[in-house]
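Chain by chain, the residues:
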Amino acid sequence: MSLAMATNTPFNGGVKQPQETAETHIHDIMSHDASKGAIVHSFDPDATPQHKAAAAGMQRDQLKSIVQQDGSAHGGKEPSIVGASIPTITVEDTGEATNEEQEKSGSVTPSALTVPGEYPSGLAPAIPDWYKVGWRAVANIDAPPLEEGEEKDSHILQLFLTEQYYGQWYHNAALIFFAVFASHFLTRFNFGWGWLILLLSICNTYYVTSMTRVRRCARDDIQRELIKTRLASEHESADWMNNFLDRFWLLYEPVLSATVVASVDQILSTTTPAFLDSLRLTTFTLGTKAPHIDKVRTFPRTADDIVMMDWGISFTPNDTSDMTPRQAAQKVNPKIVLSVRLGKGLATASMPVLLEDITFSGIMRIRLKLMANFPHVQIVDISFLEKPVIDYVLKPVGGESLGFDIAHIPGLQTFIRDMVHDTLSPMMYDPNVFTVNLEQLLSGVPLDTAIGVIQVTVEAARGLKANKIGGGSPDPYVSISINNREELARTKYKPSTYNPTWMETKFIMVNSLQESLVLSLLDYNEHRKDTPLGAATFELQKLLEDATQEGLELPVLKDGKDKGMIRFNVNYFPVLKPESVNGKENLPQTNVGIVRLTIHQAKELDATKSLSGDLNPLVKVFLGNSTSYTHKSQIIKHTNNPIWESPTEFICADKSSSVITIKVVDERDFLRDPVVGYMSVRLVDLLQTDPAINREWWPLSGCNSGKIRLSCEWKPLHMAGALSSADQYVPPIGVVRLWLRKATDVKNVEATFGGKSDPYVRVLVNNVTLGRTEVINNNLNPEWDQIIYIPVHSLRESMFMEVMDYQHLTKDRSLGSVELLVSDIACESPADSQHRYESTGAKEVAEPIRTDSNSYKGQLHYRAEFVSALNVKHVCFDADENEIQKAAHEVQRNHANGISTRSSSSNGEERYVTVDHPMTEAETHSPPHQTDSSESVRANGNGAANTDEEASSPTEKDSANEGIQLSKEELFKHQSGIIIFNVIGGHLQKKARLDVLLDDAYWPAFSTLKSRGTNARWAHVGEGFLKELDFGRVWLRLNESGDFDKDDITAEWKGDAKAFLDATLDRRSSFSLTHADGHSSTVEIETRYVPVPVKLLARESINNQGILRIYLLAGKDLRSADRSGTSDPFAVFTLHGTKVFTSQTKKKTLNPDWSEMFEVNVPSREAADFSVEVFDWNQLEQSKSLGHGTVNLRDIEPFEAAEQMIELSSEKHGAKGHVAIRLIFQPEIIAKNRKATSTFTSASRAMTHIGSLPFGAGKGVVRGIGHVFKRDFGGSHEKLDVPHAVPEAAAGQASRPIGGHTADEDTNAATSSAFPSLNRTLSLSGPPSEPGTLRVTMMSAKDVSMTDTKAYAVIRVGDKEFKTKHGTKTSSPEWNESFHFTASAHMPKLHLWIYDHKTLGKDKLLAEGEVDIWRHIQVGQSTAAEVTVELQGGGLASLRLEFDAGNIPLAQDASVVSLERSQPQTSSSRFSIRGRRPGFNEDN
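Bear in mind the structure is a predicted one, so any value in this text is a computation, not a measurement.

Caption draft 1: Structural view of the sheet that holds strand 58 (residues 1360-1363). The antiparallel open sheet is built from 4 strands, whose spatial order is 58-57-60-61. Across the chains shown, the open sheet's two edge strands, defined by having one partner strand only, are strand 58 and strand 61 (1404-1412). Strand-to-strand twist across the sheet, computed as the mean angle between neighbouring axes with direction ignored, equals 15°. For strand 57 (residues 1351-1357) and strand 60 (residues 1389-1396), the ladder comprises 7 bridges, and the chain directions are antiparallel. Within strand 60, the residue paired with A1351 across the bridge is D1396.

So this is what it looks like as structure tokens:
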């Protein structure tokens, strides 16, 4: 680019030093630019613009073009002038290379600059979901309904003020107040009359404006209502539309006529009768007069997305009353001439058939269903309310001049008119409608393509009312059709019965669910036409709500009269949609589906089989060894290169074994049709061809030459066992142990909003997520340090580790991926009979993360290791037949001896697989050869093909069956292994999918598809890895969400893995999943178990996680912090920096005796950072630390009490004092809460039977665990049918008893009672029969707010309510305040609210919750408990409940601030503002 610079030429003699320096600097810049080839010139700044332009133009020829000189450049073209620089970094580039990296790589300068304001070349960026675009988003119509508390807060105005106190009246009152106040102000400060007149003008303007608005709104409302009434009762004219059609028709009619001729002429050529040589449409015009819309009637009272109108339309070209004389003189009438050529060969003659003077009129009802997407009209339904009037002139002989109108023949015109009406009546005469799916039409999908399959099981009919002509009982059968069109299937007839029973199943492919399924009953007659008995109609739209409709009983109607009842079932199997993975759509791999086969054309057919050299070819399609064809194309006459473009669809029950045979036949009228050539191909090979290639030619066999072009499309069906059925299952060869350590410098997709990515890793195999890490919030260098086990089935598999950014509202975004091949870490082991595969060694790498733009950003650090599974025998399930196979086999059994195995049209050849791939480009030009039988493969009776490749399959199957035969007891000796689930089906309360989870239940091991109805039939095989069989957990969850990344859990079952496996290993068992409303759903499951000898790390064992019970005994020799030489100590325990417990404060002592106990969930003892810190409590100032100590959890033995003396130390005072504690660790699986956080949630802990074990049961975990399973399961395997789910407390509540009886007396002594009366022995169990004192200690809360708040708690039991004090701002408030309530069985719940204290303004509700008191307090068993409750709105609250049945408080503690009302306790005042809390139920 040339550089133009202006220099200031000095014009005075005396210049200063700074000017000389500047001129020297400018001269150096110009010299530097000129040395690089730039054209530099200078001019006088005081010169005129004309002189400057002339000076610049002198060197114009020296300028070089900036366009690259190549062969495409035009000589003499002026260079483009690029203005200001354009930004090259966009929002999408955020997180890519930094500016410094771009400068180093030389990629800062763009390769192609764009002009500002031009259209973008790529797709526009997506609009963020948090934008509000359109009226629906602004009105929040599609937003989910608010919760009860939020809804009350949003409608606070409606709660306290009725409608008469706000709105327009409120505005008028404000105006009056303003006028009075302003006039008083003006008068008080002695303003003049001018200001008062200005005030009156303002008020008058508001009054006039408001009155005008009121009158206009009232007038519009009245007019709108009048128009609605007139629209529904009167017809309107459409003169504006007719005026438009008159002008548009002259332009559009030639195009329309050409389109009709091109379509109809091809159809006529293919449907020419045998006695005619040809049929051609030689003349076609619809004339110059356009169709008219005579009247329009609109129905306003329809749904919001429905538009319905009645149109009166007419096409009367001979009516000249509304035409000008010039238009009448130039008028052209409709004229259609059909040339019929008679004869054969040279002896032919053409005869024209003339159709003219066409007249048409009728009333048409048009119904439009609207949608949000383009073209905004989804479905158009058209029907005629009455028979239209049709008139015409038909001259079949003599042409236009001498032709004779056949309408003059008596009865012929009426016969033709009735035939037309009979043809159109089932298509578009009311109540039948002709449906046009514009959405499907414009999407490019063929209109006749099937969207699914309907299974119709016709069971029986009862009480038929019909008689045969001449007497006798009818012989009924059922004919099935869609909207009374052509027959799609029929049952067998049952002789002489009024109550027939068929029990036959038919499968029907459907193109739309907006139509009706018609079951017509007919009486079979042998020598005459069958007699209709009536019909039953079923609306297919009902299948959208529930795809399984069983036990349907519909009346059989004829002419509006009841003729009996028919009973049938209808199931709908939709076509599965492609799944989008990484921006690519992948079709689910199934074995059952719909095949759409299109036969395009053939060329170079063998003409030696025709005497004349010209063929009349057609195509027939056969499936398997069937002797009857499933599809027959049209006949293309007199050509050896026919073009059919003939599509067909059929249902395939087994894709892997299906063989398709295509025969090209020469049609010879009355003679036998010879086979010109044929081909047989496996369906799998046909589907493997690239559909994007438009020239897929397949060679024909049995002929000297010939090729045929085909295309095939597979549409998988959502049928039981379609995706992961038992017959498709391949046993695992082992597991891959993925240790996902961390990632560094990951892509930041939230830099635009000032944040950082929230990364996690998901592991995909075959586009299915099998594992997932936790989310690390706001971190570009996350450390997960998690181990995931992924079952693998072949060395050819690969694992796709994708780093994702968690999004709370929208879909998670990809940050890049890393791929791991199983063959890199495993290989075959032929020498070992127990393990067919072995590991090649662990792979520990830091692999770069590849983003979607094929660049790299960040690194993923992981370790992968393969562990081989035992080669166990018979790891399979008995595959159930799908619905199609069952129906087909039933038909085969019924007709086993009634069908011939040969067909006359087959020409005697046997069915072979003659080709397995299309011809290459070289083969296309080479002369085709006749296929030798030695190269062909015979198809078996089931349509399966035995190729050379498949010949080795029995050997592989034999090697798969060769393995170790293990009994159930021997299998259970292996602690780690893969559980294989065969989820058969179930009976559900609502349509849902089944999620199967193991151990910590963080991510499902697998999920089924969402059931089509409440009677679920999944037939889904999935698997999951179990680390320790004795401690493992199995979770079954029903999830209503159709999205696999979302959860909508409605029912759940939990149980021990070993008991679950024992109940399902050799038989099918049913499990009951309980819903929140008390109802239950059942699922049926069968399992297998494949041991995998995995050596678990200490951090992976059940001993590493569980519940730690800490007894804070006492302190000794603590440091004094008060002037009196003593302290007021209290202890705070923290786990990973989070406070988990705060003890009570002991006044004025250096040797406190706490004797308190608490529990904490420890996710990992190996990595636990558990510490205790003792503080000195101060009333006015902040508490001072007396020392800090670390608690070692690695060395303690499970189930064994261990006492530790923790030494306290501080940086300022050194070591001083000790704290005595007793620890008991109970191994349990800690369930992880799958949210946008990497912490554990105590409220979602998985309770196991180990919790019932006494603490002094034995030394070490082996003896303790053996005792548990010996007591719970030993000797009861024969009696165990289904393991029971572990009982739990209420949802969101967890508790532990205080002061309960145990086998260890020391443990019992370590806990002190809050009341003296608790030491009494009570015989009752459950809620108390008499009132007592409930002491509630509000301890702490956490995660109730994302920011620091001045939180305080409000507690209510019955009619009493207390409030804690608010402290300083913190995110984890602690109160430790106690309150006394009178409690009884009539007060079952404790209500809790946490507010943020506001000095100015109303306090904000942060969270709320409730506690079932008598679920945690059991009189006679446990009278004190520490409760953790999950709050609505987020967060957890900790309370201590202590109940004394023998003490009723007479007075309240003076130190407690009470909000108790003065009203009686029987009911709260309806006028009290605090009498009713958000979400408080008066029944409680």
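Caption draft 2: Structural detail: the environment of L1118. Looking at the secondary structure, you find L1118 in the loop between strand 47 (1106-1116) and strand 48 (1129-1135). Along the backbone, L1118 and T1149 are 31 residues apart, and their C-alpha atoms lie at a distance of 8.5 Å. Not counting residues up to four positions away in its chain, the partners in contact with L1118 are P1129, L1150, P1152, V1174, L1208, K1216, G1217 and H1218.

Caption draft 3: Summary view of the packing of aromatic side chains. Throughout the structure, instances matching the rule amount to 26 aromatic pairs. Summarising the aromatic geometry, the rings of F622 and Y629 are spaced 6.4 Å apart at their centres and angled 85° between planes, so their arrangement reads as edge-to-face. When its relative accessible area of 39% is taken as the criterion, Y629 is described as partly exposed. Ring geometry for W1053 versus F1071: centroids 5.1 Å apart, planes at 65°, classification edge-to-face. Residue W1053 is found in strand 44 (residues 1049-1056), and its partner F1071 is found in strand 45 (residues 1069-1075); the two are separated by 18 residues along the sequence. In this structure, W1053 and F1071 share a single accessibility class: buried. One cation-aromatic arrangement involves K1363 over Y1352; the distance from NZ or CZ to the ring centre is 4.5 Å.

Caption draft 4: Representation of the sheet that holds strand 62 (residues 1424-1430) in the model. Taken in spatial order, the 5 strands of this open sheet run 55-62-63-56-59, and their pairing is antiparallel. The sheet is open, and its two edges are formed by strand 55 (1293-1297) and strand 59 (1374-1383), each paired on a single side. Between one strand axis and the next, the sheet turns through 20° on average, direction left out of account.

Caption draft 5: Local environment of unusual backbone geometry. Look at the link from D430 to P431: it is a cis peptide, with omega at 15°. Looking at where P431 falls in the secondary structure, it is placed in the loop between helix 12 (412-428) and strand 8 (434-437). We note that H1136 has phi near 55°; this positive angle belongs to a residue other than glycine. Note on placement: H1136 falls in the loop between strand 48 and strand 49 (1138-1142). On the basis of relative accessibility, which here comes to 43%, the residue H1136 falls in the partly exposed class. Backbone geometry places S1155, a non-glycine residue, at a positive phi of 50°.

Reading guide: rules and limits
Residues numbered from 1 in each chain as written. Predicted model: local features only at pLDDT ≥ 70, side-chain atom pairs only at ≥ 80, totals over all residues. Heavy atoms only, no water. Pairing = 2+ DSSP bridges. Helix = DSSP H or I, 4+ residues; strand = E, 2+ residues; numbered from the N terminus. Axes fitted to C-alpha atoms, helices over the stretch in contact; angles between N-to-C directions. Contact = heavy atoms within 4.5 Å. Phe/Tyr/Trp six-rings, centres within 6.5 Å; stacked < 30°, edge-to-face > 60°. Buried < 20%, exposed > 50% of the residue type's maximum accessible area, 1.4 Å probe, protein only. Lys NZ or Arg CZ within 6 Å of the ring centre and 35° of its normal.

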